[in-house]
Amino acid sequence: MIGSGVLLMAWSACATIPHLRSGVGTMLRPPEDRVAERDSAVQVAPGERLSVRLNGMPALRGAASRVPTHIVLLPGPVGSAFSMRHVSAALCAHGLPVLVIDPLGMGRSSRPTDADYSLAAQARRIAAVLDSVGVARTLVVAHGTSATLALRLAAAAPERISGILSLAGGPIDRQETTGVRLALALAPLLDTPVGRAIGRRRFLAAIREQSAAPAWCTPDVAARYLAPIESDVRGTLRVLRAMQQAVEPSRIETELHRIRAPVRLLVGDHPTAHAPTAAQVALLQRQLARLRVDTITGAGTMLHEERADAVVAAVLEMLNNTR
């Protein structure tokens, strides 16, 4: 049964947020003296807690119902909320309320062994979090595998999704992705000090292969990416295997036609095996009434790291188009 308890809350203050000067500014409340940043754990079922970070202004008010009240960021299987720090901070600087949610088994969210790790179930959990924190309508920014999670959420509850921005994520029916395989290969190494050093080097190499300009992925950044895995190596391995074995209740191809919101796919111009395939893009083009595909220069699949500016610009444009 879905619960709504919000636990483990920690508060800190960040600097004053300037009011957005573009057309989106008309949707915002006047800026307050300080804005809040808080980390919470939202229980969505017994033993299932999702890590949620709230940044920025209070919810947007006074706008039509078609306008989102929050921007939701969904990280991929490796990286957690930390990977979205640049996008989140930039949106916060525009006075926008941002929720960063780690799906079950990822980041700082719990890792129950017997949970349903299908993307359909993950989408239901995100919806439960939105219910718990009172978010009626949102624009979702999702990286990699989490893009399918966002698509399923929009198909199941089209009235609460104003748009989806996919960061190099194509529609999938099995979580047998390069990101999941990378995490599975690294997790056993991270269980010992010697293996941890080897695992971090392999992770750096793999992430740099996905990047047009890999200087952003320093050893310190790699350590922050891998910290959630290193904190519970055995639990992470169990969850990753469960993700691989999860069976979806329906094919994503049969769900896409239910999506009414605009979907925008950003892909980098740096070729990498982690990018959406031509078949995945073609499926979106056939099934979605409102699809836009943009190629971002100077990026691979880690667009939120390499070209956070392009991601934020796309979010602002999509917000302006919902007025």
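See the structure above.
Here the structure is a predicted model, which is why all the values come from computation and not from measurement.

Draft legend 1. Representation of the pairing of strand β7 (residues 161-167) in the model. Burial within β7 is extensive, with 7 of its 7 residues counted as buried. Pairing of strand β6 (residues 138-143) with β7 involves 6 bridges; the strand directions are parallel. Looking across to β7, one finds that Thr138 is bridged to Ile161. Note: β7 against strand β8 (residues 263-268), 4 bridges, orientation parallel. Bridge pairing in β8 places Leu167 opposite Leu266.

Draft legend 2. Up close: empty space enclosed by the protein. A full pass over the atoms with the stated rule returns 1 cavity of 30 Å³ or more. By volume, the largest cavity is sized at about 120 Å³. What lines the largest cavity is a set of 15 residues, and nearest its centre among them are Pro77, Gly105, Met106, Gly107 and Ile229. A per-class count over the lining of the largest cavity returns 9 nonpolar, 5 polar and 1 charged.

Draft legend 3. Representation of the packing of helix α5 (residues 193-209) against helix α6 (residues 219-230). Look at α5 against α6: their axes get within 10 Å of each other, and the N-to-C directions meet at 115 degrees. For α5 against α6, the interelement crossing comes out right-handed. Contacts between α5 and α6 involve Arg196, Gly199, Arg200, Phe203 and Leu204 on the former and, on the latter, Pro219, Ala222, Ala223, Tyr225, Leu226 and Glu230. Tallied by class, residues from the contact of α5 with α6 come to 7 nonpolar, 1 polar and 3 charged.

Draft legend 4. Broad picture of the environment of Glu48. Along the chain, Glu48 falls in strand β3 (residues 48-56). C-alpha separation for the pair Glu48 and Leu104, spaced 56 residues apart in sequence, amounts to 7.1 Å. Setting aside chain neighbours within four positions, we find Glu48 in contact with Val42, Gln43, Leu104, Ser110, Pro112, Ala115 and Arg125. A distance of 2.8 Å separates a polar atom in the side chain of Glu48 from a polar atom in the side chain of Arg125.

Draft legend 5. Summary view of helix α3 (residues 146-156). Of all 11 residues in α3, 10 are buried, a share of seventy percent or more. Listed in full, the buried residues belonging to α3 are Ser146, Ala147, Thr148, Leu149, Ala150, Leu151, Arg152, Leu153, Ala154 and Ala155. In this structure, the buried side of α3 is in contact with β4 (70-74), α2 (119-133), β6, β7, β8 and α8 (278-287).

Reading the values: the criteria
Residues numbered from 1 in each chain as written. Predicted model: local features only at pLDDT ≥ 70, side-chain atom pairs only at ≥ 80, totals over all residues. Heavy atoms only, no water. Buried < 20%, exposed > 50% of the residue type's maximum accessible area, 1.4 Å probe, protein only. Helix = DSSP H or I, 4+ residues; strand = E, 2+ residues; numbered from the N terminus. Pairing = 2+ DSSP bridges. 1 Å grid on protein atoms, 1.4 Å probe; cavity = no way out; pocket = protein on both sides within 12 Å on 5 of 7 lines; lining within 4 Å. Points joined across faces, edges and corners; volume = space filled by probe spheres on them. Nonpolar A, V, L, I, M, F, W, Y, C, P; charged D, E, K, R; others polar. Axes fitted to C-alpha atoms, helices over the stretch in contact; angles between N-to-C directions. Left-handed = near helix turned anticlockwise from the far one by under 90°. Contact = heavy atoms within 4.5 Å. Polar contact = N/O pair within 3.5 Å; in protein donor to acceptor, adjacent residues only side chain to side chain.

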